Each structure stands twice: as structure tokens, then as C-alpha cells.
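# Structure assessment
Chain by chain, the residues run as shown.
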Amino acid sequence: MAIEIVQPSVELSKIALSETHGEDSPYFAGWKAYDENPYHELHNPSGVIQMGLAENQVSFDLLEEYLESNLESANWGQKVSGFRENALFQDYHGLVSFRKAMASFMEEVRGGKAKFNPERIVLTAGATAANELLTFILANPGDALLVPTPYYPGFDRDLRWRTGVQIVPIHCESSNNFQITPEALEAAYDHARSMNIKVKGVLITNPSNPLGATIQRKVLEEILDFVTRKNIHLVSDEIYSGSAFYADEFVSIAEVLESRNYKDSERCHIVYSLSKDLGLPGFRVGTVYSYNDQVVTTARRMSSFTLISSQTQFLLASMLSDKEFTRKYIKINRERLKKRYEMIINGLKKAGIECLKGNAGLFCWMNLSPYLEEPTIESELAIWKTIMHEVRLNISPGSSCHCSEPGWFRVCFANMSEETLEVALSRIHEFITTRKQ
Amino acid sequence: MPPPPPPPSHLYIYPTTLHIVLNLIPITSISLSKHQIEMDIALNNTHKFLSKIATNDGHGENSPYFDGWKAYDTDPFHHETNPSGVIQMGLAENQLCFDLIQEWIGNHPEASICTPQGGFDFKEIALFQDYHGLPEFRSAIANFMSRVRGSRVEFDPDRIVMSGGATGAHETLAFCLANRGEAFLVPTPYYPGFDRDLKWRTGVELIPVVCESSNNFKVTLEALEDAYDKAKESNIKVKGLLITNPSNPLGTFYDKETLKTLVGFINEKNIHLVCDEIYAGTVTRENEFVSIAEVLEEFPTICDHNLIHIVYSLSKDMGFPGFRVGIIYSYNDMVVNIARKMSSFGLVSTQTQHMVASMLSENDFVDNFIKESRNRLAHRHNMFTRELAQVGIGSLESNAGLFFWMDLRRFLKEPTFESEMTFWRTIISEIKLNVSPGSSFHCNEPGWFRVCFANMDDATVMVALERIKSFVHETRMLEIKTMAKIKTKKQCWQNNLQLKLSSRRLEDIMSPQYSPLNSPMLRAQN
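Right, let's walk through the structure included here. Note that this is a predicted model, so its numbers are computed, not measured. (Residues numbered from 1 in each chain as written. Chains lettered and ligands numbered in written order. Predicted model: local features only at pLDDT ≥ 70, side-chain atom pairs only at ≥ 80, totals over all residues. Heavy atoms only, no water.)

### What to know about the overall build of chain A
- Assigned secondary structure in chain A consists of 16 helices and 13 strands.
- Rg of the C-alpha trace for chain A: 22 Å, near the compact-globule value of 22 Å for 437 residues, within the 12% margin.
- Once the C-alpha set of chain A is aligned to its principal axes, its extents read approximately 75 × 70 × 55 Å.
- Of the contacts formed within chain A by residues at least 6 apart in sequence, a portion of 75% connects residues at least 24 apart.
- Summing over all exposed atoms, chain A offers an accessible surface of approximately 16,100 Å²; the carbon and sulfur share of this is 51%.
- For chain A, the distance from the average site of its 45 positive side-chain charges to the average site of its 55 negative ones is 4 Å. (Helix = DSSP H or I, 4+ residues; strand = E, 2+ residues; numbered from the N terminus. Rg over C-alpha atoms; globule rule 2.2 N^0.38 Å. Contact = heavy atoms within 4.5 Å. Areas by Shrake-Rupley, 256 points an atom, 1.4 Å probe, with all protein chains shown as cover. Lys, Arg positive; Asp, Glu negative; His and termini not counted. Charge placed at Lys NZ, Arg CZ, Asp CG, Glu CD.)

### Regarding the sheet that holds strand 4 (residues 205-209) of chain B
Residues and elements named next belong to chain B.
- An order of 2-8-7-6-5-3-4 is seen for the 7 strands of this open sheet, with the pairing classed as mixed. With partners counted over all chains shown, the strands left at the sheet margins are strand 2 (160-164) and strand 4, one partner each. Taking the axes of each pair of neighbouring strands and ignoring which way they run, one obtains an average angle of 25° across the sheet.
- Judged from the 3 bridges that link them, strand 3 (residues 183-187) and strand 5 (residues 238-244) form a sheet pairing that is parallel. Within strand 5, the position partnered with Ala183 by the bridge is Val238.
- Seen against the sheet, helix 10 (residues 256-269) touches strand 3, strand 5, strand 6 (272-276) and strand 7 (308-313) and runs at an angle of roughly 165° to strand 5.
- This element, helix 12 (residues 333-342), spans strand 2, strand 7 and strand 8 (325-330) of the sheet and lies at about 35° to strand 2. (Pairing = 2+ DSSP bridges. Axes fitted to C-alpha atoms, helices over the stretch in contact; angles between N-to-C directions.)

### Some thoughts on the sheet that holds strand 13 (residues 448-452) of chain B
Residues and elements named next belong to chain B.
- With respect to topology, 4 strands assemble into an open sheet ordered 9-10-13-12, the strand pairing being antiparallel. Sheet topology places strand 9 (394-395) and strand 12 (436-437) at the edges, where each strand pairs with a single neighbour.
- As paired strands, strand 10 (residues 403-407) and strand 13 are joined by 5 bridges and run antiparallel to one another. When the sheet's bridge partners are listed, Trp405 is paired in strand 13 with Arg450.
- Here helix 15 (residues 417-431) sits on the sheet and contacts strand 12 and strand 13; the angle it forms with strand 13, its principal contact strand, is near 30°.

### A word on empty space enclosed by the protein
- Under the criterion given, the structure shown has 10 cavities of 30 Å³ or more.
- Considering only enclosed or pocket space, the largest cavity measures out at about 100 Å³ in volume.
- Mapped onto the lining of the largest cavity, the elements with two or more residues apiece are helix 7 (127-138) of chain A together with strand 2 and helix 7 (165-177) of chain B.
- By residue class, the composition of the lining of the largest cavity is 5 nonpolar, 7 polar and 4 charged.
- The calculated volume of the second largest cavity comes to roughly 90 Å³.
- Looking at the second largest cavity, the residues that line it are Ile393, Met406, Leu408, Phe411, Phe423, Ile427, Ile431, Leu433, Val435, Ile468, Phe471 and Val472 of chain B.
- Of the residues that constitute the lining of the second largest cavity, the class distribution is 12 nonpolar, no polar and no charged. (1 Å grid on protein atoms, 1.4 Å probe; cavity = no way out; pocket = protein on both sides within 12 Å on 5 of 7 lines; lining within 4 Å. Points joined across faces, edges and corners; volume = space filled by probe spheres on them. Nonpolar A, V, L, I, M, F, W, Y, C, P; charged D, E, K, R; others polar.)

Structure representation (C-alpha cells):
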């Protein structure tokens, strides 16, 4: 006999029902507006231009060119064994050739100023997974990580959702270009302690998202001193390291550690990914690089939940260990991003809009505070909605990045053609001109 | 100079008393740099420096399931270079049909984004990071899942959610369906990886539903109720039941009546049912396998569909564990939605999605592959069980999986798990086969071993069978001789021998040069 269903449906977990996945943030609302009315040069010239997606599309030709000339290394060849070995390979240490290639590439991105040991590379499916995994390892539910504002909205999900860990912001101000100060670090730490929350680490993004600027060496040293004093961890998300316009303006935490002879390095961990520098977000290639042996071992075990497809490891292994190719790629990629940046900065300047002085990343940090009705988040969101619906540009409001000052917006410039960027700039120009009247 | 790297994981010494690890590197050869010493001091403080999750045993690698792998890693069998090495029979891989796949790959260069034919897709595929996945990927998976089940049931591509392998799928579902401290019921014996996948980072508990050899390890309603009640008594809230169908390690599948009983049970208790159907394509008896999807189709009002979730993967049916193609298929809209958001932590590489989409949407290939795979698995399975039966080794009757559940109870000195472990070490060190002891699967009865058969070529199969048959023969010969000797021996010599044996460290006994069977004392008596 069939059972009648009259009981209430079964509960899902608290994690499932919480909103910490973060998708109700305006960061994602803009994406929806774009999805419904996407710009297209020919088919939809009045559609929404996507400037909220930090993608790097400026250097694909270089990748495609490499693949065309290196077919044998990218494909499995004619032997059955080539495919079979690759398809069967599920060792969480990863393909040795690929780990070596990643270490080599990370060194190239830093111009050889830091060395990376392939044995310390742990592979994860994207930086998203890497950041969550590290959080599981470094902090217990209820503990906190200190994160400088403004920060990448995805951290709210990656660091907190399933881990139960909290984020306590390190407030940064426009008065000093949003740089992290020792006072701000101490204030954040004290604030956490006053709420009886245990702080387990500091997480920085260098170069910064959404600021589009590298962290100065002096500041890195101060942060390192701070975490050492407090005996906590330091996670440096260096996902945009290859997107610094001038190679010598990016200083990795790895360089600072090396100069200190790796003293106290076991509290330091680097996150990297190929999603931004190489423009391969779909391939899910992330890594945790830790100077702490136990973290490496544990992270490796945890990576079972989020391994990189061996097919993708195989494809990228030869490409990334080809130093001639990577050097050329990194150099040209930097130049093209710099050119894009200058284009957007000048275009915005002509419209009377200032941006934070940036030197890295796939976006600029635009200051629209002079145009706000009032210096409030509500005003910021009001102008953001206007820009979305009237100007038809999807940009990211600073409040979704937890910026403490309203009026700042992240505007991406590397995920479109130059022509589209021109269209976007002319729309902004028109919008500002109209507003001034 | 960056600090020295950690030694590879499998050479760590695990400080457990129950599982004696094959200590493969003598202590003196590990040089301790100053940095290392500092690290060790730091290590003592790490239980506060790192999280509880990082410092507990939840990773599960202290199980004997992995110890055997270590033995294999240090002495792997190879026909030419190491013919006396350990044969890996502890890894449930499907290597029987790569020729078919290779042929397809050769004929379809457009499936790869790295060939001239497929290269124009490169940019689009590389940029695509939408957690819905490529639509063609989802359709292809739905199509494949249907055909694996003889097209008796359809799957909705919109309910397909990606995950980092089935490993990621199980963890994600645990995060979605249960809170920290709550529990899932799992019939024993079960795949050891579940202890890590469902519990480690989630804090969820697993409560065994004990199954017995007396009824071929079938899951009974009594056992379910018993487990449920035990949980209640311990104040643990049960949120779901997890079954693997076909079963790992048993290699059997659930009949329709049992499935209906299970569905009735979870519906009455209002708990979830997670069906891991990762081995669905390894069923050798076509049309006999019943998927939970078919039960829902045939009896739509049997339960609240919101309680039913399927885990799938291409790791076993296709033999693609490296590609990390895990799938959650849920009949619960909210779970689909949430699991999809969580899939950001374990998406399938779009390069792989693209290839899989091409391959699995070609019905001729798919149908032929499923058929051939089934035939080859059946052939392999029959070869083993037939040969083993000849030497009196039985196994649980099964028609699925990449392994069989071998009955070695009569080889144990005593019906205890200690005996099982002792015998298992003998199998590894003397017969040189890595098989998996039933205790690592939480089997309630000692003497059962899971033996994988699809991860080797035919020649290796012959060697493995030979070794087993030799061992059985030798054991029988030895039993006869030993019985004869014991009758004529003096009492004091016996005591002496036993003392000598017990005073040696187990490591010595495990080495090939010395074993009770080759005791110099016994040899001297011959």
C-alpha cells in the first residue's frame, strides 16, 4: 500500500539553510542583470556590458599559439597506455611533472626572486577550494581570520560557509590608499578578542582584489611581524601575482621569508591559481603552498575532495615548464594588462572620474563618492542600480567588498575586447556628463 | 635555502598499537637538520596551532586499508623488472576497456580542445566556470546514467550537480543533509573512505547497520531499526541512510524488495536516503540491477521524493578516477540548489567536461562500451572464482563490482580480528598480494577479504592465481607435517619455540627471511 505523504519535509542542515553562500549579495545581482541582457557588438549593442567579472582574456592567443605548436605534449598520443595512465592517475600528490611545472611557473612570475619547492605544492580545484581547505586546517568553527577591507566577496563563502569560521575585517581607508597599517591590524585583533573570538590568522590578497594594487614590502614585513607576535598564521592569496604591470613592483611573501632565512615561516601559506594569470578559470587549477610540513600533509589529504583533473594536469605540465614560453607569456601579459589599465584610467579621467592608483590586477578601483547623494551605502547602491539599468554596465559596488567608505566601485577591464571597453567608457562619459547638467 | 620538504606521506610512522605499520625506512637514515628539530618542537605545539580537524585522525589513513598500499608502493609487481613483487589487489579500478576508449579518442580529435579540430573551442571552454556545468556535459551524463540502467529510467540533466569525484559528492551531501554531531546509518561492511568523506570535515557521525554472513550480508529491517534505536539511545539524531548499490566491498546488489523496504524505512523515519550507485555499470547480469531511480519511477508514491539522492561518478564504470567526475543527483530541488553552490569547491575541469560530453553522448559507443565492459568483467570474475573454488576458497556470490568478497575464515587461527590481521600480513609478505582485510570495512565477522580483479592484465591474473593456489597447497602440506611433528615432539622444545616466537618483534616475523613457516627450528627437524 502506498504511503500518504502528509508530514513536513525533512530538514536540511543549518549550513544548507544559511545564507553564507553569499549569493544574495549585490555582487551577484549584477551578474543576473547581465545574464538577462548581455551586450553583444552585433546582436545586442545596447545590452549590459559585463564589468563585474575579473577574467583575463587579453592573452589567449599566446596560449593557443603554444598549443598549436606543441600538439604531442598536450595530447596523449596514439598509445593506449598514455591515456590509460593519465585516466587512472588519482594520487593526491598530483603528477610530478605538473607540480614541478607549477613551482617553476610561480618562480617565473616572481622573476626568480623566490624559490618554490615542488614537494610543498598541494593541488586543489581552484583557489576557491584552496582558501576553504586552508581555513579548515588553520581554524576551528567559531575562530576568526582577519581580512583587510575591501576584499573579494567570494571570501565570505570560501572562508566561512562550511567551515564555521568567522571573518573579522581589518579596516583600511582611502586616506592612505587603503594600505594595511599596524594600527588597523591591532584594532581588528582587539575587536575580535573583545567579542571573545579566537583569531587564528590573517589573510591578505596580494596584489589586492578589488584595489588592483600590490602590497608594499614594508607593509608585508609589518604584517609578518604582527602575525609572529600574535603567534597566528598568514595566508597570502597571490592569485594576481602574474598580473602586476611591472614585475619589480610585486613583492611576494616568499621573498620576504627568504630574506629572513625562513625564520617563523611555518605560519605562512600561499594560495595560487591559474584562473587569473593564465585566464583558465574553467580548468580549476589551484594550489596551496605551505612552509609548514603538517599543513602540507594535511592539505594534501584534504585535497582528495577537490583534486585537479589529471587530464588538465597533463595538458598544462609541459606548457608551464617551458621556460621560454612562460617568460614570454608573463612579459607580454603584463604589458597588455598595463595598456588596458591605462586605457580605462584615461577614459575615466576624461569623464571626470578618479581611480585609486593601481599597478596590478584585472580591474581598477573607481571613486564615485563625489557623485553620491549622501555618503551612505544606500546612496552607493542607488547609483549602482542606475549604472546597471540606465548605463547598462555591471560593475561591483564597494559595499559588496565590505569597503568601509561608500562610493567605490570595482571595474573590470580585461574580460572584453578593446572595442567593447571603448563603448563602456563612452557610456560612462555620457552618464557623468548628463548628471552634471 | 627553503626548508627541507616533508617525507612522502606513506613513509610516516603512525603511532597506533592496533595497526603495526611496515616501517620501511630505518630511523637512522632520516637526518635531522636544525630546522627539522625546530619543526618537531613546533609540531608538539601544533595541536593548538592548527585546527582540531587538521590534527585528528579523521583523514582515515591509519586504517590497514592504506597499509597494504604502502607495501605495494615499495615493492610493486612487474612482469619483467620485479616478478616477485606485491600484486595490487586492493585497488578497485576498472582497467579492462581502455582499448575501446583509446579507439574512440583517436577517432574524435574534436573532443580535445588541444587538437587542431577541437582547438577553436579552447578559449570558450577555458573561460567557462559556471557551476551549472556545460549543458552538453549534463545531458551526456544524464544519458549515460540512463543507458547504464538499460534505459529503464530517465535522468533530468537539470538535477545533475558536479563534485570533486564521488569523494566530494559524499562530503557535500553530508554538509547539506546533516549538522555536526548528527548521523548517517551505513550498512556494514562498507567502503573505508566513507569514514573520511562523511565525517572528517563535517563532524557528522556514521552508525553501522550490522549485516551478517548468515544471510549473505543482506540488510534487514531489524538491523536498520536496531541501529536507529542505538543512535537514539546515545542521543544522536539520525539524518539519513547511506547505501552503496552495487555494494563495495560485497559486489552484490540490492533486490527490488529490499530497496522498497529501505525506502519504506527512511520514509517512515523521515530521514534521507543516499544511494551511491558508482558501480552501477559493473553489474554483469544485465537487467537485474535495480536503481533507486527505477523504484521511484515504478512506485512514485512510495515515499517523499525529497528524501532521495544519488551519488555517481565515472571513476569505476568508465575507469576515469583521475578525471574527477563526481555527480550528485537529487530529487530534492533545494538540495540540488545548495549542492550546486557548494560544487564551487570541486567543479569538474571544463576540459574534461567537454571531452566527456562528446564521448558519452554518442549512443553507439556508449551502448557498446557498457556491453563489452560487462562481458569482460564477467569473464574476469568467473575466472577468479572458478580457479579459487578449485582450491577450496569460496567467496560471496556476486554479480557486480570490481572485486569479490573472499571467504578466508578457515585460514584464521582463531575467529578474531587479531588473527585476521596476522593472516593479512602473511598474505602481503608471503603470498605477495595486497588484498583488503574485512575489518577495514567494519565487517562484524573476521576472515573476509576484498580482492580486486579488474585493475590488472590477464598475465598478472595468472600469477596472482598461481600464488594463491601455491599458498593453499603449501599450507595444507605444512598442516599435515606440523600435525605429524607435534605428535612426536618433546614438550620442552615446544615451549622453547613459542618463547622464541613471542620475544621477537613483529617486524622481524614479517620479513620474508624469517617466518614461522620457515623457522630454523622446523627446518632442522625435517
